[in-house]
Amino acid sequence: MFAATRAAVALQGVKSLSAKTAVRTMASQAASTMPGAFNSKKNANGNYTVTLIPGDGIGPEISESVVKIYKAAGVPIEWEPVSVTPVLKNGKVAIPDEALHSVKKNTVALKGPLATPIGKGHVSLNLTLRRTFNLYANVRPCKSVVGYKTLYDNVDTVLIRENTEGEYSGIEHEVVDGVVQSIKLITKDASNRCARYAFNYAKETGRNRVTAVHKANIMKLSDGLFLASCQEVAREFPEVKFDDLMLDRACLQIVQDPSVFADTVMVMPNLYGDILSDMSAGLIGGLGLTPSGNIGRDASIFEAVHGTAPDIAGQDKANPTALLFSSVLMLRHMGLNQYADQIERATLKVIADGKVLTGDLGGRSTNTEFTNAIISEL
Amino acid sequence: MLHSIPLSEPLAATFSKVGLRATSTSTIVPQPQDQIHSSKLGGRYTVTLIPGDGVGQEIAAAVKTIFKAANVPVDWEQFDVSGYTSAGDNTFQQSVESLRRNKVGLKGILYTPVSSLDHSSFNVTIRKDLDMYASLVLCKNIPGYPTRHEGVDFVIIRENTEGEYSGLEHESYPGVVESLKVVTRIKSERIARFAFDFALRNNRKKVTCIHKANIMKLADGLFLDTCREVSKEYASSGIKFDDMIVDNASMQLVSKPQQFDVMVMPNLYGNIVSNIGAGLVGGPGIVPGSNIGREYAMFEPGCRHVGKDIQGRNTANPSAMIFSSVMMLRHLGLDDHANKIANAVFKTILTGAIKTPDMGGSSTTTDFTSAVVSNL
């Protein structure tokens, strides 16, 4: 049965596939028939190779913290650090080949915050990465962190956002002077793909419910197509419940009582996903605590979505939590659930204890102290 | 206290000022109309009433009861339009004609079916046909009804007729759908001016433009640039202007909403932000709203929810509808009546004895209405 499943995946044309079977749990085996699933094999040392993009500003420091914690936990991962600082290639600014090559080979990457280059002519790095690896779904789980008090205590939402089209297609033009048209593109394929990932995610994490958020009463054709695609995919997953929610209602409920969404996975088109996922991050305390994963057909990139914080860069003051949680998301994607649980538990315990906290969490410890505290909790 | 929106003479004067200023830009500004008055006969105003679907009938009944008890000189021309009807129903057309006649209306929310085979949104059609281009929603904490956030006091001014709600969609190829978001300089300019004039007349300090111009560079870029240009004309009056990207704004709204004053934005973001705003201060039962154009004004609950799940149970909170009707009274120039009714509602909520379920109590709509009447 294993050989047959592997053959099916090979037929889908995922590039990094090899004929050798990798050691995997049953859960990730089920996921491997889905585009974007983790399919790499272990290298000669018995470890998975993962591309590491430290990023700018506080990026290198927090990446180092993650590496240290992983080493202490004995996670079977070897890091391949690369830089994505644009270089001049054929007169055009582009991401260095070495970085692209590495991500393509390893199919998984962990990325720190990137500084936005000022000035025109610079291709948006995130956009390029997204296009190159067909990153079609963005996953944003937001869970209230015990030990960091906000006005909301019971947040446990998961948002999956379609990442390639919708309102962010970038297709705009000025029809006549003073009249601009921006096209929102919705296709069945992209919607199906994203919905399928959402249902798989719901099944694997045990939430067993998917909620599509839309505004199909006003945008009948576009959001209507998205909703219909979700309903179609729902039929392939009879064990997962499916319902839909109007965007207005979703916004209202998240602000009034986010616990309503604790047992479901929300899936939605690009713009709504962008706004609602940032809003959910705001509920738990901001982007400094929020993980994010970009699932793609050819590779998946897990990243910290906060800024580069140049004002505290190099001072050992940075908080590596966001990048750590993103790496936990990555471990689950790779099927290394045991290590994921271990690291997540240790991090949450340190924050809950409240004795060793970095500045942004209200404490006065350094990054190193925080990292060591987590290591001692492993 | 709810801010008054003097809209008859001052607005006409504003537009004549705008006409003069606008000759320096190449935008064509529509000619100012005469004073915006609804039909007034013998000292009484005739107002169109569209209760709407869901809890509409119940909250409209509450308003009618209170107006009667307070002897408000308003006669209702009621039309029971419903979004559940099939095409070909005449009631909707009649209600729009009535609005054209009376120029002022009070409305609940009409249901819009999801299927593309059914009619498009009646709510949107009314706003577009009568060119009620500004949607004004007031989000403010009410004393006596504490929520997670305190000190919230901001106004959402939302462009009501274009943007993502243009309704222009087509399937270019099976499985590929395009939906057009249209942004024009003319409409962006008039909504920006509305926002700044509102800020000026109501002693507001700051106008924030909410946009996503880093991604939608042309569309939201045009909106943002237009707002910026208009802001320069008001700089001398001391009104500050800044802008914020919509996802950051959502994050700020749920953590620090007190920083916002007047917010101006295109259509879809207005939908999202007004729902967040309503959630912050206590739900759709509290927040009043209005749709304002040059010739017509229509008042409705600010957070546009039909409320089908609580329909017919007499549990709806009529405050939003009552506050919207108070805004209408101010628009008509009936400030005394407006103050009386508004104070009665505030007193009812402050004493805390009568609370509808959304406020955490168990009173009915009719209980609440009676309490307001007794506090008049």
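Only a predicted model underlies this, so the values are computations on that prediction, with no experimental measurement involved.

## A closer look at the interface of chain B and chain A
Facing 58 residues of chain B, the contacting portion of chain A comprises 48 residues. For the chain B and chain A pair, buried surface summed over both sides reaches about 4,400 Å², with 65% attributable to carbon and sulfur atoms. Taken as a group, B:Arg148, B:Val177 and B:Met251 account for 15% of the area that chain B buries against chain A, more than any other trio of residues on that side. Of the charged contacts, one joins B:Asp309 and A:Arg249 as a salt bridge, the two residues approaching to 3.8 Å between their closest N and O atoms. Counting across the chain B and chain A interface gives 22 residue pairs in polar contact (both at pLDDT 80 or more).

## Side note on helix H10 (residues 321–334) of chain A
Residues spaced three or four apart along an α-helix point in a common direction, a consequence of the helix completing one turn every 3.6 residues. Residue and element names in this part refer to chain A. Counted at 1.5 Å a residue, the expected span for H10 with its 14 residues is 20 Å, and the 20 Å between its end C-alpha atoms agrees. A large share of H10 lies buried, amounting to 13 of its 14 residues. Following H10 by one or two positions, Gly335 adopts a phi angle in the positive range, close to 90 degrees.

## Describing the sheet that holds strand S7 (residues 169–173) of chain B
Pairing in this open sheet of 4 strands is antiparallel, and the strands run S8(A)-S9(A)-S8(B)-S7(B) from one edge to the other. Two strands bound the open sheet, and with one partner strand each, they are strand S8 (166–176) of chain A together with S7 of chain B. Here the average twist between neighbouring strands, direction ignored, is 30 degrees. Here strand S9 (residues 179–187) of chain A pairs with strand S8 (residues 176–184) of chain B via 9 bridges, running antiparallel. What sits directly across from A:Val180, in S8(B), is B:Val183.

## A word on the packing of helix H9 (residues 319–332) of chain B against helix H10 (residues 335–351) of chain B
All names here are of chain B. Where H9 contacts H10, the axes come no closer than 8 Å and their chain directions differ by 160 degrees. Judged by the angle between their axes, H9 and H10 are roughly antiparallel. Once H9 is placed against H10, the crossing between them reads as left-handed. Seen from H9, the contacting residues are Ser319, Ile322, Phe323, Val326, Leu329 and Arg330; seen from H10, they are Asp335, His337, Ala338, Asn339, Ile341, Ala342, Val345, Phe346 and Ile349. Considered class by class, the residues forming the contact of H9 with H10 number 10 nonpolar, 3 polar and 2 charged.

## A look at the pattern of salt bridges
Should their charged atoms come close, side chains of opposite charge can pair. One pass over the full model with this rule turns up 41 salt bridges over all chains. Between A:Glu344 and A:Arg332 there is a salt bridge, and its shortest N-O distance comes to 3.2 Å. Of the two residues, A:Glu344 is situated in helix H11 (residues 337–353) and A:Arg332 in helix H10; the sequence distance between them amounts to 12 residues. Taking the relative accessible area as the measure of exposure, A:Glu344 reaches 26% and is therefore partly exposed. B:Asp153 is paired through a salt bridge with B:Lys140; the nearest N and O atoms lie 3.7 Å apart. Taken together, the positions of B:Asp153 in strand S6 (residues 153–159) and B:Lys140 in strand S5 (residues 134–140) put the pair 13 residues apart, joining distant regions of the chain. Looking at B:Asp153, the relative accessible area reads 25%, which means it is partly exposed.

## Side note on the sheet that holds strand S14 (residues 300–304) of chain A
Residue and element names in this part refer to chain A. Judged by pairing direction, the sheet is mixed, and its 10 strands sit side by side in the order S2-S1-S5-S14-S13-S6-S7-S12-S10-S11 without closing on themselves. Looking at which strands have only one partner, the edges of the open sheet turn out to be strand S2 (77–81) and strand S11 (241–246). Across the sheet, the axes of successive neighbouring strands diverge by a mean angle of 25 degrees, strand direction being ignored. Inspection of the sheet shows strand S10 (residues 209–214) paired to S11 by 6 bridges, in the parallel sense. Each residue of the ladder has a partner; that of His214, found in S11, is Met246.

Cut-offs used in this document
- Residues numbered from 1 in each chain as written.
- Chains lettered and ligands numbered in written order.
- Predicted model: local features only at pLDDT ≥ 70, side-chain atom pairs only at ≥ 80, totals over all residues.
- Heavy atoms only, no water.
- Contact = heavy atoms within 4.5 Å.
- Buried area = accessible area lost by both parts, 1.4 Å probe.
- Salt bridge = Lys/Arg side-chain N within 4 Å of Asp/Glu carboxyl O.
- Polar contact = N/O pair within 3.5 Å; in protein donor to acceptor, adjacent residues only side chain to side chain.
- Helix = DSSP H or I, 4+ residues; strand = E, 2+ residues; numbered from the N terminus.
- Expected span 1.5 Å × (residues − 1).
- Buried < 20%, exposed > 50% of the residue type's maximum accessible area, 1.4 Å probe, protein only.
- Pairing = 2+ DSSP bridges.
- Axes fitted to C-alpha atoms, helices over the stretch in contact; angles between N-to-C directions.
- Parallel < 35°, antiparallel > 145°, perpendicular 65-115°, else oblique.
- Left-handed = near helix turned anticlockwise from the far one by under 90°.
- Nonpolar A, V, L, I, M, F, W, Y, C, P; charged D, E, K, R; others polar.

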